[in-house]
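Observations on chain architecture
The primary structure of each chain is shown beneath.
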Amino acid sequence: MKIYQEFGVTPIINASGAVTRLGGAPMPDEVLTAFNEAARASVPLEQLQAAASKAIAEATGTEAGLVTAGAASALTLGAAAILTGYDLSKMERLPHCDDFPNEFVIAREQRSGYDHAVRAAGARLVEVGFNEIVANAGVRRTEAWEYEAAFGPNTAGVLYVYSSNSRPPLEELVNVAHRHELPVLVDAAGELPPRNNLKSIAAMGADLVAFSGGKAIRGPQSTGMLCGRRDLIGPAAVQLLDMDDHPELWQPPSEFIDKTKLGGIPRHGIGRGFKVSKEEIIALLVALRLFTSGAYDKESNRARNRLERIVKKLNGCPAQCRIFDKGDGESLPLLEIAIDESAVGRTAMEICGNLRRGNPPIYVSHGALREGKLRVNPLHLDDDSTDILAERILHELCG
Ligand SMILES: *Cc1c(COP(=O)(O)O)cnc(C)c1O
């Protein structure tokens, strides 16, 4: 891997998985080959996105889809589409939308830094419910009536962050929202696997769903997907695509963008800065095909063997190793190393820092450091990097 060194950057051992700040998931050879091949020809992007729409619709059981610059960009474009529909004048005004409905209702407990992507379209978030469990001040989660109580003339839609533990259940929320003719935009960026979520979330009635392309799907890190209602994917697409064409000549595929609903062709939209290249679109579609076919499932056993090698190496150290395996046949196992910090004489935070500063730098998962735990995600590990990682952690724990 000399290319990074040529530019003075040292590659790391990534034991954190498909995280954005370390460059995402490893792209399979088939995806990289497709990327290269796609780079050697030119295609009209609205035709390529229309083809992607069909492939994504098929994979998700929805009407239409769009390849976006990550799930975050899918959220911005999804929010923009809900705010404007096919209205040219509204598209032109985004992110300023004070004179039309612009509020998205969201559960307070579902707020995160990622919702900046929805606010970036111009939407204003209206919080409902409380965070009583985290505050240790109650036992209840957000309830559907609380959304309904917040709906008013300025409501544009609902933003919902999906996980198997999200409350209220998505179907219940969809019922309430649809009773008021409000669309539900779902952030499901990291909710794969299980691959069944590609279809099940939309099947619960979500109007638009955002997924990352560079996490479990293993497409380019800079890709994502928006899927759902055709009459919303169209407005999302025109606010993403480059619009510098003559009205007489611009012929987007009609099942993708309904030109008859536009009173002209818009200028570049709010998503013009989130463009996706032809190579990225093709690579994402090939990765999606691999992911949906279960091509990655067979890696679980090899990953488990590697984690077991690390556990064996650390045998006798002042730490408890545990391998977590969902056993769903799709998810990779994870290793958790709970450190006896007083016996070692260092905190997990310090050890994590030492691993990052060593040569080669090693980045373990940092989600439970304050509980004294290092986590190892095997997605990027091969046999060599596993041995280096095990040796270095052994050195940190046992000197
Ligand atoms: C990863 C993530 C995102 C952002 O996804 P990108 O594909 O990196 O843009 C948004 N929301 C949640 C909940 C995520 O986990």
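Keep in mind it's a predicted model, so treat the numbers as computed, not measured.

Let us look at the packing of aromatic side chains. Applying the stated rule across the entire model yields one aromatic pair. Taking the centre distance of 6.4 Å and the plane angle of 50° together, the rings of Phe291 and Tyr296 count as tilted. Summarising the burial analysis for this pair, Phe291 and Tyr296 share the class buried. Its end group placed over the ring of Phe130, Arg108 keeps NZ or CZ at 5.6 Å from the ring centre. Its end group placed over the ring of Tyr296, Arg218 keeps NZ or CZ at 4.1 Å from the ring centre.

Within strand E5 (residues 155-161), six of the seven residues are buried, which leaves the element mostly enclosed by the surrounding structure. Pairing of strand E3 (residues 103-107) with E5, which is carried by three bridges, proceeds in the parallel orientation. Bridge assignment links Val105 to a residue of E5, and that residue is Val158. As paired elements, E5 and strand E6 (residues 184-187) share four bridges and run parallel to each other. Counted as the bridge partner of Val158 is Val184 from E6. Handedness of the crossover joining E5 and E6 through helix H8 (residues 170-179): right-handed.

Turning our attention to the site of the ligand. Around the ligand, a shell composed of Thr20, Gly70, Ala71, Ala72, Tyr114, Asp187, Ala189, Ser212 and Lys215 is seen. Within the backbone of Ala71, one N or O atom sits 2.8 Å away from an oxygen atom of the ligand. Contact between the ligand and Ser212: an oxygen atom at 2.6 Å from a side-chain N or O atom of the residue. In isolation the ligand has 390 Å² of accessible area, and contact with the protein removes 81% of it.

Each neighbour pair has its own omega, and for Leu192 with Pro193 the value is -15°, a cis peptide bond. Mapped onto the elements of the fold, Pro193 is located in the loop between E6 and helix H9 (197-203).

Entries for the chain in the domain assignment read domain 1 (2-20 + 296-398) and domain 2 (29-293). The C-alpha centroid of domain 2 is placed 34 Å from the C-alpha centroid of domain 1. Contacts between domain 1 and domain 2 engage eight residues on the former and 12 residues on the latter. Summed over both partners, the interface of domain 1 with domain 2 comes to about 910 Å²; 43% of that surface belongs to carbon and sulfur atoms. Contact with domain 2 buries surface across domain 1, with Ala18, Tyr296 and Glu330 losing the most and accounting together for 65% of the total. Seen at the junction of domain 1 and domain 2, the total is three salt bridges.

Here we come to the sheet that holds strand E9 (residues 319-324). Spatial strand order, E9-E10-E12: three strands in an open sheet with antiparallel pairing. Two strands close off the open sheet at either side, each with one partner strand: E9 and strand E12 (373-376). If you compare each strand with its neighbour and ignore which way they point, the axes differ by 20° on average. Where E9 lies against strand E10 (residues 334-339), six bridges are found, and the strand directions are antiparallel.

Empty space within the largest pocket amounts to approximately 1100 Å³. Looking at the largest pocket, it is lined by 38 residues, and the ones nearest its centre are Gly190, Leu192, Pro193, Ala216 and Asn377. When residues of the lining of the largest pocket are traced back to their parent elements, those giving at least two are helix H11 (278-293) and E12. Residue classes in the lining of the largest pocket are distributed as 17 nonpolar, 12 polar and nine charged. In this structure, the lining of the largest pocket is formed jointly by two domains, domain 1 (2-20 + 296-398) and domain 2 (29-293), each of which donates at least three residues.

Rules behind the numbers
Residues numbered from 1 in each chain as written. Predicted model: local features only at pLDDT ≥ 70, side-chain atom pairs only at ≥ 80, totals over all residues. Heavy atoms only, no water. Phe/Tyr/Trp six-rings, centres within 6.5 Å; stacked < 30°, edge-to-face > 60°. Buried < 20%, exposed > 50% of the residue type's maximum accessible area, 1.4 Å probe, protein only. Lys NZ or Arg CZ within 6 Å of the ring centre and 35° of its normal. Helix = DSSP H or I, 4+ residues; strand = E, 2+ residues; numbered from the N terminus. Pairing = 2+ DSSP bridges. Right-handed = clockwise from strand over helix to strand, strands pointing away. Near = heavy atom within 4 Å. Polar contact = N/O pair within 3.5 Å; in protein donor to acceptor, adjacent residues only side chain to side chain. Areas by Shrake-Rupley, 256 points an atom, 1.4 Å probe, with all protein chains shown as cover. Domains from an automatic or database assignment. Contact = heavy atoms within 4.5 Å. Buried area = accessible area lost by both parts, 1.4 Å probe. Salt bridge = Lys/Arg side-chain N within 4 Å of Asp/Glu carboxyl O. Axes fitted to C-alpha atoms, helices over the stretch in contact; angles between N-to-C directions. 1 Å grid on protein atoms, 1.4 Å probe; cavity = no way out; pocket = protein on both sides within 12 Å on 5 of 7 lines; lining within 4 Å. Points joined across faces, edges and corners; volume = space filled by probe spheres on them. Nonpolar A, V, L, I, M, F, W, Y, C, P; charged D, E, K, R; others polar.

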